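Structural overview for review
Residue strings, one per chain:
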Amino acid sequence: MKTKEQIALQEVESESIKISGAEAVIRCLLAEGVDLIYGYPGGAIMPVYDELYKFQDELNHVLTRHEQGATHAAQGYARTSGKVGVAIATSGPGATNLVTGIADAQIDSTPMVCITGQVGSHLLGSDAFQETDIIGISTPVTKWNYQITKASEIPEIMAKAFYIARSGRPGPVLIDITKDAQFDTFDFSYKKCNLVRSYKAVPPMEMDQIQAAATLINQAKKPLIVFGQGVILGEAEAEFKAFVEKTGIPAAWTILGLSALPTDHPSNVGMVGMHGNYGPNMLTNECDVLLAMGMRFDDRVTGNLDTYAKQAKVIHFEIDPAEVDKNVMADIAVMGNIKETLTKITPLVEEKSHTSWFEKFKEFDAIEFDKVIKEELNPSKEGLSMGEVLKEINNASGGDAVIVTDVGQHQMIACRYAKFNQSKSNVTSGGLGTMGFALPAALGAKMGAPEREVVAIIGDGGYQMTIQELGTIFQTQAAVKIVVLNNDFLGMVRQWQQLFFDKRYASTEMVNPDFVTIAKGYFIDAQRVTKREHLADAVQTMMASKKPYFLEVCVEKENNVFPMIPSGASVSDIRLE
């Protein structure tokens, strides 16, 4: 039986039909298998919305409360579904409001197609009402962009947009369409794009590099894997797990790599980076071979590059040639899709256990537990900690929930303490660090994986940046569970002010509204927890709900996230207090 996508594609490929540019946009989306888009209407995109009205049985449009919310929702949808997220907006401020989400998607390699309306082509460059050069603005933060001024361009450009967004290292594409191109009619036919001349989505594998990498791995005495989101984007979780289990190499993750390997897997040694675990950070500067798999050596992972893993031979598994030798020089670069390169290298590596090397990680784990984790999860403290909240969510979810985080202390706590049994479970703003990401992204994540429980963990600061998206959650009735960890501070900035600016808390203390009343104003069930004895029941009630639910937990005002590597310091300078 054919899918809607196959039927739509067959209809438009079989013969051309005369339609408007606006209708062509909708038919292109359907031919690409799109059934859900996020957006906000306006004058310059109105012809497309008029056609969307006619196709609403086939294409679900979610009206967000702000265009930025549309991009973050599209990101969340893409991250849990593995499909291309789609956002749509009008010209001028509608288009510029997309830019933060587009930039976020670019640095976090999220496949997304954004469609913006534009003033008529005869008005371009005249400073017409709501005219903005969105192509010029978005060029640095898109994988590709293009302005359509003729209706006949739409099929080819839309096909190319989806191919570029999803292929190779994924990313956001923006298509700007003038209003006259939306109104004009032409003979429409559609053909999917599978090749763009001069664009090589995946570099060719080189077997000599794979053989050299295998030899180095087999000789290693103290190897360490640092894996990133490339494992997830390459759908290589099974191949990665097989490689890890055969080689017996300790595997640590970046924030975006989290959930590619279950957190309880015996080879999983924790998180690297600024607030990562003690062992993998310290032992980065002791390993003899460092395998970087689908990660880009972000500065929050490496700290001071002058002192990062200088003793180690570096093997970089990478799909994007621009990332190789950009920050850390690689001794061997294994290029290609990691699913394919792992398939080739795994038969070449020897089966090992590295037992004594693992013992070193366990020694550091014991130190971290004694000095950090035991205190974070201490049930006898006066105030509630963020870690305690994550522990209760783990108890209720069993590690099967999708956790969507905003940016700040709560993000680091969630990444450190949340448990994950399956991939595509950690949705966060990694590279750009966008406050306001979580609430709309959680909506998209739930719509991308409706069968899964989705819990948004948000700080009181970031929550108020996109709080209006409660309206979208209410209107869609997406059963997102929203947890605000409220410490009445911009917590991460306050932590830096405490540690490095002599407690000069400049503009970081928050005077917050009644979050529960606001949630109830959107007809979302809500409660507030201030005492430890009420936390477990509140979390259970939230998780048992079949509807959207809001839970505010008032946590300690000046609790810090440790371990911590000071900005610009070596990974070996990690602080436990």
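Residues numbered from 1 in each chain as written. Predicted model: local features only at pLDDT ≥ 70, side-chain atom pairs only at ≥ 80, totals over all residues. Heavy atoms only, no water.

1. What about the overall build of the protein chain?
Along the protein chain, the regular secondary structure elements total 24 helices and 20 strands. The C-alpha atoms of the protein chain give a radius of gyration of 24 Å, which matches the 25 Å a tight globule of 577 residues would have. Within the protein chain, the proportion of its 577 residues that are buried is 60%. Taking the contacts inside the protein chain whose residues are at least 6 apart along the sequence as the reference set, 77% of them involve residues at least 24 apart. A total of about 22800 Å² of accessible surface is found on the protein chain, and carbon and sulfur atoms cover 51% of it. Computed over 53 positive and 71 negative side-chain charges, the separation of the two mean positions in the protein chain equals 3 Å. (Helix = DSSP H or I, 4+ residues; strand = E, 2+ residues; numbered from the N terminus. Rg over C-alpha atoms; globule rule 2.2 N^0.38 Å. Buried < 20%, exposed > 50% of the residue type's maximum accessible area, 1.4 Å probe, protein only. Contact = heavy atoms within 4.5 Å. Areas by Shrake-Rupley, 256 points an atom, 1.4 Å probe, with all protein chains shown as cover. Lys, Arg positive; Asp, Glu negative; His and termini not counted. Charge placed at Lys NZ, Arg CZ, Asp CG, Glu CD.)

2. Points about the pairing of strand β17 (residues 454–459)
With six of six residues buried, β17 lies mostly within the body of the structure. Of the two faces of β17, both are covered, the one formed by Val454, Ala456 and Ile458 as well as the one formed by Val455, Ile457 and Gly459. The pairing of strand β15 (residues 402–405) with β17 spans four bridges and is parallel. Bridge pairing in β17 places Val402 opposite Val454. Relative to strand β18 (residues 481–486), β17 is paired through five bridges, and the arrangement is parallel. Directly across from Gly459, in β18, lies its bridge partner Leu485. (Pairing = 2+ DSSP bridges.)

3. Some thoughts on the domain arrangement of the protein chain
Where interface size is quoted, it is often the accessible area lost as the parts come together. According to the domain assignment, the protein chain contains domain 1 (4–187), domain 2 (207–360) and domain 3 (382–555). Taken over C-alpha atoms, the centre of domain 2 sits 31 Å from the centre of domain 3. At the interface, 18 residues of domain 2 touch 18 residues of domain 3. Roughly 1500 Å² is buried in total at the junction of domain 2 and domain 3, and carbon and sulfur atoms are behind 58% of that figure. The three residues of domain 2 that bury the most area against domain 3 are Ile255, Ser259 and His275, which together make up 36% of that side's buried surface. (Domains from an automatic or database assignment. Buried area = accessible area lost by both parts, 1.4 Å probe.)

4. Focus on the packing of helix α16 (residues 355–376) against helix α18 (residues 409–417)
Put simply, α16 and α18 touch, their axes get as near as 13 Å, and they point 115° apart. Crossing hand, α16 versus α18: left-handed. Residues Glu368, Val372, Ile373 and Glu376 of α16 form the contact with α18, whose own contacting residues are Ile413, Arg416 and Tyr417. For the contact of α16 with α18, the residue count by class is four nonpolar, no polar and three charged. (Axes fitted to C-alpha atoms, helices over the stretch in contact; angles between N-to-C directions. Left-handed = near helix turned anticlockwise from the far one by under 90°. Nonpolar A, V, L, I, M, F, W, Y, C, P; charged D, E, K, R; others polar.)

5. Section: the sheet that holds strand β5 (residues 112–118)
The six strands are arranged β3-β2-β4-β5-β7-β6 in an open sheet whose pairing can be described as parallel. A single partner strand is all that each edge strand has here, and the edge strands are β3 (60–63) and β6 (144–148). Across the sheet, the mean angle separating the axes of adjacent strands is 20° when strand polarity is ignored. The pairing of strand β2 (residues 36–39) with β3 spans four bridges and is parallel. Bridged to Gly39 within β3 is Leu63. Along the sheet, helix α19 (residues 438–448) makes contact with β2 and β3, crossing β2 at roughly 170°.

6. Topic: the pattern of salt bridges
Per the counting criterion, the structure on display carries 24 salt bridges. Note that Arg166 and Glu32 form a salt bridge whose closest N and O atoms lie 3.3 Å from each other. One end of the pair, Arg166, is in helix α8 (residues 154–166); the other, Glu32, is in the loop between α2 (21–31) and β2, with 134 residues separating them in the sequence. Residue Arg166 is classed as partly exposed on the basis of its relative accessible area of 40%. Between Arg504 and Asp502 there is a salt bridge; the shortest N-O distance is 3.4 Å. Of the residues examined, Asp502 reaches a relative accessible area of 63% and is grouped as exposed. Because the salt bridges share partners, they merge into one network encompassing Arg169, Asp320, Glu323 and Lys326. (Salt bridge = Lys/Arg side-chain N within 4 Å of Asp/Glu carboxyl O.)

7. A look at the environment of Glu388
Along the polypeptide, Glu388 turns up in helix α17 (residues 386–397). Residue Glu388 is classed as buried on the basis of its relative accessible area of 8%. Along the chain, Glu388 and Ile413 lie 25 residues apart, while their C-alpha atoms are 9.8 Å from each other. Glu388 has contacts with Glu376, Leu377, Asn378, Pro379, Gly383, Arg532 and Leu535, leaving out every residue within four places of it along the chain.

8. What about the packing of aromatic side chains?
Applying the stated criterion across every chain, the model contains 14 aromatic pairs. When the centroid spacing of 6.4 Å and the interplanar angle of 50° are considered together, the rings of Phe358 and Phe361 count as tilted. Residue Phe358 and its partner Phe361 are both found in helix α16; the two are separated by three residues, about one turn of the helix. We classify Phe358 as buried; its relative accessible area is 12%. With relative accessibility at 1%, the residue Phe361 sits in the buried group. Taken together, a centroid distance of 5.7 Å and an interplanar angle of 75° make the contact between Trp496 and Phe500 edge-to-face. One end of the pair, Trp496, and the other, Phe500, are both in helix α22 (residues 491–500), four residues apart, so they sit about a helical turn from each other. Judged by its relative accessible area of 33%, Phe500 falls in the partly exposed class. Here the aromatic cluster, defined as three or more aromatic residues joined through ring pairs, consists of Phe186, Phe188 and Tyr190. (Phe/Tyr/Trp six-rings, centres within 6.5 Å; stacked < 30°, edge-to-face > 60°.)

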